[in-house]
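One-letter residues, chain by chain:
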Amino acid sequence: MTGRLKGLRMTSEKGNVIVLTGASGGIGRALALELAQPGTYFALIARDADRLQPILQEVCAKGASGEVAAIDIRERAQLHDYLLDLDARHPVDVVIANAGVTAGLGPDRTRESDADCERLTEINYQGVVNTVTGIVDAMQKRGRGQIVLISSLAGMRALPDMPSYSATKAAVIAYGHSLRGWLKPFGVSVTIICPGFVTTPMSARHKGSKPFEMNAEKAARLMRRAMERRKAFFAFPFVLALGIRLQNLLPPVLGDLFMGGFAADIEADPRYSAGSENPSNDSKSD
Ligand SMILES: NC(=O)c1ccc[n+]([C@@H]2O[C@H](COP(=O)([O-])OP(=O)(O)OC[C@H]3O[C@@H](n4cnc5c(N)ncnc54)[C@H](OP(=O)(O)O)[C@@H]3O)[C@@H](O)[C@H]2O)c1
């Protein structure tokens, strides 16, 4: 990126301070690299410090600096304590709530497991809320800041095989719209981003049609531009987002026909398999 994020005021002579959750792989890593520039200070958050550390080294090689924090975003108290401490040391300009997980129907198109439903809600929605509430008081008091929420096209129109995932992403969109109305008078902007299919470990487990899939680097470039412009809402790729907007104008039963083309099996996430959570599993595939 050339130049700092447009429209973001400096907190110090050092430059922007960016909190990024889900920074240990996929879109998070690509975003960190896209936003890295001399003067930027990153707080890179995910559960697995071993995967965060090399990404911190990569952003430092581009002239940025920062720290890693191995925190599960479901652990609200721990996350808030950390963000409070971070903000006292490095007043935060931008928070990007990117961490998320996926899951779909059970074998032979049986219902989602109870554990998956809970996990998706706790991470994809409550985890986003925990991230925002850990920093929003400080931003509101300072009268500046940018909150970026990573939702999904599945939040604009639910995918037939991913009920809870789609619902959590729709909740993130609704949360973001509400935040924007509340926070605008306080100088804090909110950008909701809805990616389509992006090549990452998450999408590798999505076994089905993935039209207009793009690599994480290109996705990160588009997301960075939307952030710079402080867009209220950014959905991409354009053609797929347009198709979803148009089908949302149809009666739901006709929309269901359109969405039938997106049938998929979602492979289990090895980092959250069968009751035992281990963020190190399968981690080296990023
Ligand atoms: N890839 C796509 O096609 C696509 C499309 C639309 C939207 N999205 C959204 O984009 C975001 C990033 O997706 P991705 O494809 O990059 O996924 P990914 O490759 O699976 O990466 C997910 C990231 O979230 C972190 N994470 C998972 N559970 C966490 C927890 N409880 N606490 C803290 N961090 C946690 C993971 O690190 P640890 O496991 O180490 O914690 C990892 O860094 C997600 O919100 C996803 O829903 C992705």
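That block above? That's the structure.
It should be emphasised that the depicted structure is a prediction, and the values quoted were computed from it without experimental measurement.

Enquirer: Account for the overall build of the protein chain, with residues named and values stated.
Expert: Counting secondary structure elements, the protein chain contains 11 helices and 13 strands. Taken over the C-alpha trace, the protein chain has a radius of gyration of 18 Å; the compact-globule value for 286 residues is 19 Å, and the two agree within 12%. Each of the three principal axes of the protein chain carries a C-alpha extent, and together these read 55 × 40 × 30 Å.

Enquirer: How would you summarise the site of the ligand if you had to cite specific residues and measurements?
Expert: Taken together, 32 residues form the shell around the ligand, and within it Gly22, Gly26, Arg47, Gly100 and Thr200 come nearest. Elements represented by at least two residues in the shell around the ligand include exactly helix H1 (26-35), helix H4 (114-133) and helix H8 (201-204). When its residues are assigned to classes, the shell around the ligand shows 14 nonpolar, 12 polar and 6 charged.

Enquirer: So what's going on with the sheet that holds strand S10 (residues 233-236)? Residues and values would help.
Expert: Taken in spatial order, the 7 strands make up an open sheet running S3-S2-S1-S4-S5-S6-S10, and their pairing is parallel. Edge positions in the open sheet fall to strand S3 (65-70) and S10, since each of these has one partner strand only. Going across the sheet, the axis of each strand differs from the next one's by a mean of 15°, ignoring polarity. Alignment of strand S1 (residues 17-21) against strand S2 (residues 41-46), held across 5 bridges, turns out to be parallel. Each residue of the ladder has a partner; that of Leu20, found in S2, is Leu44.

Enquirer: Help me get a handle on helix H9 (residues 216-228), residues and values and all.
Expert: Structural remark: α-helix, 3.6 residues per turn; residues separated by three or four positions point the same way. With 13 residues, H9 ought to run about 18 Å at 1.5 Å a step, and its terminal C-alpha atoms sit 18 Å apart, in line with that. For H9, every residue scored as buried is listed here: Ala216, Ala219, Ala220, Met223 and Met227. The buried residues of H9 occupy one face: seen down the axis, they fall within an arc of 100°. Elements that come into contact with the buried residues of H9 comprise H1, strand S5 (145-150), strand S6 (188-195), strand S7 (198-199) and strand S9 (214-215). One or two residues past the end of H9 sits Arg230, with phi positive at roughly 50°.

Enquirer: Give a detailed account of unusual backbone geometry, specifying residues and quantitative values.
Expert: Geometrically, the link from Phe236 to Pro237 is a cis peptide bond, its omega value of -5° lying close to zero. Considering the arrangement of structural elements, one finds Pro237 in the loop between S10 and helix H10 (238-247). Its identity as a non-glycine residue notwithstanding, Arg109 has a phi of 60°, on the positive side. Here Arg109 is to be found in the loop between strand S4 (94-97) and H4. Assessed through the 11 C-beta atoms surrounding it within 10 Å, Arg109 is described here as exposed. In this structure, Phe212 is a non-glycine residue whose phi angle is positive, near 60°. As for its position among the elements, Phe212 is in the loop between strand S8 (206-208) and S9. The partly exposed category is assigned to Phe212, around which 14 C-beta atoms lie within 10 Å.

Enquirer: Got a sec to walk through the environment of Glu34? Specific residues and values, please.
Expert: Looking at where Glu34 falls in the secondary structure, it is placed in helix H1. Spatially, the C-alpha atoms of Glu34 and Arg180 are 25 Å apart, while their sequence positions differ by 146 residues.

Enquirer: Summarise H4; cite the residues concerned and give the values.
Expert: The terminal C-alpha atoms of H4, which comprises 20 residues, lie 27 Å apart, in line with the 28 Å expected from a rise of 1.5 Å per residue. In the structure, H4 departs most strongly from a straight axis at Gln126, where the bend amounts to approximately 35°. Every buried residue of H4 is listed here: Asp116, Arg119, Leu120, Ile123, Asn124, Tyr125, Gly127, Val128, Asn130, Thr131 and Val132.

Cut-offs applied
- Residues numbered from 1 in each chain as written.
- Predicted model: local features only at pLDDT ≥ 70, side-chain atom pairs only at ≥ 80, totals over all residues.
- Helix = DSSP H or I, 4+ residues; strand = E, 2+ residues; numbered from the N terminus.
- Rg over C-alpha atoms; globule rule 2.2 N^0.38 Å.
- Near = placed C-beta within 6 Å.
- Nonpolar A, V, L, I, M, F, W, Y, C, P; charged D, E, K, R; others polar.
- Pairing = 2+ DSSP bridges.
- Axes fitted to C-alpha atoms, helices over the stretch in contact; angles between N-to-C directions.
- Expected span 1.5 Å × (residues − 1).
- Buried ≥ 20, exposed ≤ 12 C-beta atoms within 10 Å, placed from the backbone.
- Arc of directions from axis to C-beta.
- Contact = placed C-beta atoms within 7 Å.
- Bend = angle between axes of the 7 residues up to and from the residue.

These figures come from the coordinates and say nothing about function on their own.
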